[in-house]
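Fold and contact review
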Amino acid sequence: MQFGIFSVGDVTPDPTDGRVPTEAERIKAMVTIALKAEEAGLDVFATGEHHNPPFVPSSPTTMLGYIAARTERLILSTATTLITTNDPVKIAEDFAMLQHLADGRVDLMMGRGNTGPVYPWFGKDIRDGIPLAIENYHLLHRLWREDVVDWEGRFRTPLQSFTSTPRPLDGVPPFVWHGSIRSPEIAEQAAYYGDGFFANHIFWPKEHFQRLIALYRQRFEHYGHGSADQAIVGLGGQVFMRKNSQDAVREFRPYFDNAPVYGHGPSLEEFTAETPLTVGSPQQVIEKTLSFRDHFGDYQRQLFLMDHAGLPLKTVLEQIDMLGEEVVPVLRKEFEALRPAHVPATAPTHASRIASLANTGEVR
C-alpha cells in the first residue's frame with residue numbers, strides 16, 4: 001500500500017502568533033515537506049492546483065519537476081490537476097515531460113476543482129463542469145495513446161494530425177486518478193477507463209463516500225477491468241499527533257478553530273467524530289485509519305493532509321517523522337495481513353505498468 005502526503009498550499013496565518021508566511025516561504029516549505037516525506041519512508045507527495053489566493057501551487061509540474069531533481073524514490077502526484085480549466089494538450093505535454101525528468105515517478109489526479117470563479121478566468125463556464133471533465137479527459141486519454149490525433153469536440157478548437165510531445169516515457173502514460181467529493185459522474189468516468197478513484201474524504205462523513213466508492217467499484221467490474229474489490233481506490237485523511245492525545249487536542253485546537261475551510265463551524269470534537277480527521281496519539285491514528293478498510297474495502301493509497309491551517313513548518317516536519325516512524329510501519333503490516341491475495345497491494349506504478357504491457361499488451 002502507498003502512503004504519502006498531500007498539500008493544498010494554503011497561505012494561512014498562524015493563529016497562535018498571527019504570523020503569515022510569504023509566498024516564497026510557503027512554496028519552499030512545500031518542497032521541504034516533500035523531501036521529508038521521502039526521508040521518512042513515505043511513498044507519495046501530491047500537490048494541489050489553485051489559481052486564487054490564499055493558495056500558491058498554480059503550477060504543479062514546475063514544483064514537481066524541482067522535487068524530482070532532489071528525490072530518488074518518491075512518487076510525484078497532484079491533488080488535483082484541473083481537467084476542466086486546463087487545456088488537455090498542455091496537460092498531456094507537461095506530464096509527459098515530467099515523466100521523463102522523474103524517470104517515471106509520476107501519476108496525477110484529475111478533478112474539477114472547488115472554486116467557482118476559476119472557470120471564467122480560463123474562459124470556461126462552471127455550469128459546464130461535468131461535460132468539460134468528461135470531454136477533456138477523453139481527449140487527454142487519446143493524446144497519450146495515439147501518436148497522431150484527429151479530434152473535434154464542444155469546448156476547444158479541433159485537432160488535425162496532431163502529435164503531443166514529448167511522447168509518454170516508454171510509451172506508457174502516467175497512471176490517472178479521478179478525484180471527487182460529490183459527483184457520481186466522475187466515479188463512472190474512472191470506472192469506464194479502468195483508472196483509479198480518489199475520495200478525498202477529509203470533510204464529509206464516511207457514508208457519503210461509501211456510496212461513491214461503491215458505485216465506482218460496481219462500474220469498474222461492469223466495464224471488465226476486474227472484480228469490484230480489485231478497483232484502485234485512494235483515500236485522503238488528516239491527522240495531528242502528539243504522544244499524549246490531550247496534548248494533541250490542546251495544540252491543534254486553535255488551528256482547527258481558525259482554519260479557512262472548517263473553522264468557525266462544528267467543534268473539533270464533533271468534526272473528529274463525524275469525519276476522518278484524527279487528533280490524538282499515534283495509536284489513535286493507526287486505529288482510525290485501519291477502520292477505513294471496514295468502511296471502503298481494501299484500497300491502494302492513503303494520503304494525509306498535514307500542513308493546513310497555518311501550522312508551522314517545524315511542527316509539520318515533526319508530524320511527518322511521527323507518521324513515518326510510528327504509524328505507517330504498523331499500517332503497512334496490518335493492511336497487508338488483511339488484504340486478499342487477488343487484490344492489488346498498491347496503485348499501478350510506471351514499472352508495474354511496463355510489466356503489464358509486456359505480459360498482456362495492455363496498460364491500465
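Residues numbered from 1 in each chain as written. Predicted model: local features only at pLDDT ≥ 70, side-chain atom pairs only at ≥ 80, totals over all residues. Heavy atoms only, no water.

By the naming in an unreviewed UniProt entry, the protein is LLM class flavin-dependent oxidoreductase, taken from Actinomadura bangladeshensis.

Another aspect to go through is the packing of helix α5 (residues 129–145) against helix α6 (residues 184–193). Helix-helix packing is described using two parameters, namely the angle between the two axes and the distance between the axes. The N-to-C vectors of α5 and α6 enclose an angle of 15 degrees; their axes lie 10 Å apart at closest approach. Our classification of the angle between α5 and α6 gives roughly parallel. Considering how the two elements wind past one another, α5 and α6 form a crossing that is right-handed. On α6, the residues that touch Ile130, Ala133, Ile134, Tyr137, His138 and His141 of α5 are Glu185, Ile186, Gln189 and Tyr193. Considering only residue class, the contact of α5 with α6 consists of 6 nonpolar, 3 polar and 1 charged. (Axes fitted to C-alpha atoms, helices over the stretch in contact; angles between N-to-C directions. Helix = DSSP H or I, 4+ residues; strand = E, 2+ residues; numbered from the N terminus. Parallel < 35°, antiparallel > 145°, perpendicular 65-115°, else oblique. Left-handed = near helix turned anticlockwise from the far one by under 90°. Contact = heavy atoms within 4.5 Å. Nonpolar A, V, L, I, M, F, W, Y, C, P; charged D, E, K, R; others polar.)

Attention now goes to helix α11 (residues 313–338). Taking 1.5 Å of rise per residue, 26 residues should cover 38 Å, and α11 covers 35 Å from first to last C-alpha, within 8% of that figure. At Val327, α11 shows its maximal bend, which comes to roughly 45 degrees, and the proline Pro329 appears one to four places after that position. Looking only at α11, the buried set comprises Thr315, Val316, Leu317, Gln319, Ile320, Met322, Leu323, Gly324, Val327, Val328, Leu331 and Phe335. Close packing links the buried residues of α11 with β1 (2–7), α1 (23–39), β10 (233–241), α8 (245–257), α10 (282–296) and β12 (301–305). (Expected span 1.5 Å × (residues − 1). Bend = angle between axes of the 7 residues up to and from the residue. Buried < 20%, exposed > 50% of the residue type's maximum accessible area, 1.4 Å probe, protein only.)

Now for the packing of aromatic side chains. Per the stated rule, a full pass over the model turns up 11 aromatic pairs. Consider the rings of Tyr192 and Tyr193, whose centres lie 5.0 Å apart with planes at 90 degrees: the pair is edge-to-face. Note on Tyr193: relative accessible area 17%, which makes it buried. An aromatic cluster of three or more residues is present, and its members are Tyr137, Tyr192, Tyr193 and Tyr223. (Phe/Tyr/Trp six-rings, centres within 6.5 Å; stacked < 30°, edge-to-face > 60°.)

Two side chains of opposite charge can pair, provided their charged atoms sit close to one another. The full count for this structure, using the stated rule, is 23 salt bridges. The closest approach of N and O atoms between Arg293 and Asp298, which form a salt bridge, is 2.7 Å. Across the pair, Asp298 and Arg293 agree in class, each one buried. When salt bridges that share partners are traced, they join Arg242, Glu251, Lys314 and Glu318 into one network. (Salt bridge = Lys/Arg side-chain N within 4 Å of Asp/Glu carboxyl O.)

Okay, unusual backbone geometry next. Of note, the bond from Ala79 into Thr80 is cis; its omega dihedral lies within 30 degrees of zero at 20 degrees. Relative to the helices and strands, Thr80 resides in the loop between β3 (75–78) and β4 (81–82). Across the junction of Thr165 and Pro166, the peptide omega takes the value -5 degrees, indicating a cis bond. Its place among the elements puts Pro166 in the loop between β7 (159–162) and β8 (175–179). With a phi angle near 50 degrees, Ser161 is a residue other than glycine that sits in the positive phi range. Here Ser161 falls in the exposed class, since its relative accessible area comes to 54%. For Asp170, which is not a glycine, the phi torsion comes out positive at approximately 60 degrees. Along the chain, Asp170 falls in the loop between β7 and β8.

Take helix α7 (residues 206–222) next. Each full turn of the α-helix corresponds to 3.6 residues, which orients residues three or four apart in the same direction. Counted at 1.5 Å a residue, the expected span for α7 with its 17 residues is 24 Å, and the 24 Å between its end C-alpha atoms agrees. Residues of α7 that are buried in the fold lie against α6, β9 (196–199), β10 and α10. Gly224 sits one or two residues past α7 and shows a positive phi near 85 degrees.

In this section: the pairing of strand β2 (residues 44–47). Going residue by residue along β2, you find Val44 and Ala46 tucked away on one face and Phe45 and Thr47 tucked away on the opposite face as well. Crossover β1 to β2 through α1 is right-handed. With 4 bridges connecting them, β2 and β3 associate as parallel partners. Note on β3: the bridge partner recorded for Val44 is Ile75. Handedness of the crossover is the feature at issue here: the chain leaves β2, passes through helix α2 (residues 60–70), returns alongside β3, and the resulting connection is right-handed. (Right-handed = clockwise from strand over helix to strand, strands pointing away. Pairing = 2+ DSSP bridges.)

Right, let's get into the side chain of Asn136. Tracing the backbone shows Asn136 in helix α5. Under the relative-accessibility criterion, Asn136 is labelled buried at 4%. Only 2.7 Å separates the side chain of Asn136 from the backbone oxygen of Ile83, close enough to count as a polar contact. In this structure, Asn136 is in contact with Ile83, Thr84, Asn86 and Pro88, ignoring residues within four places of it in sequence. (Polar contact = N/O pair within 3.5 Å; in protein donor to acceptor, adjacent residues only side chain to side chain.)

With respect to the element layout, Phe271 can be found in helix α9 (residues 268–274). By relative accessible area, Phe271 is classed as buried at 8%. Between the C-alpha atom of Phe271 and that of Asn52, which follows or precedes it by 219 residues, the distance is 26 Å.

Running from N to C, helix α3 (residues 88–101) and α5 point in directions that differ by 45 degrees, and their axes come no closer than 9 Å. In this view, α3 runs oblique relative to α5, as classed from their interaxial angle. Between α3 and α5 the crossing geometry is right-handed. Residues Pro88, Val89, Ile91, Ala92, Phe95 and Ala96 of α3 pack against Asn136, Leu139, Leu140, Leu143 and Trp144 of α5. Grouping the amino acids of the contact of α3 with α5 by side-chain chemistry returns 10 nonpolar, 1 polar and no charged.

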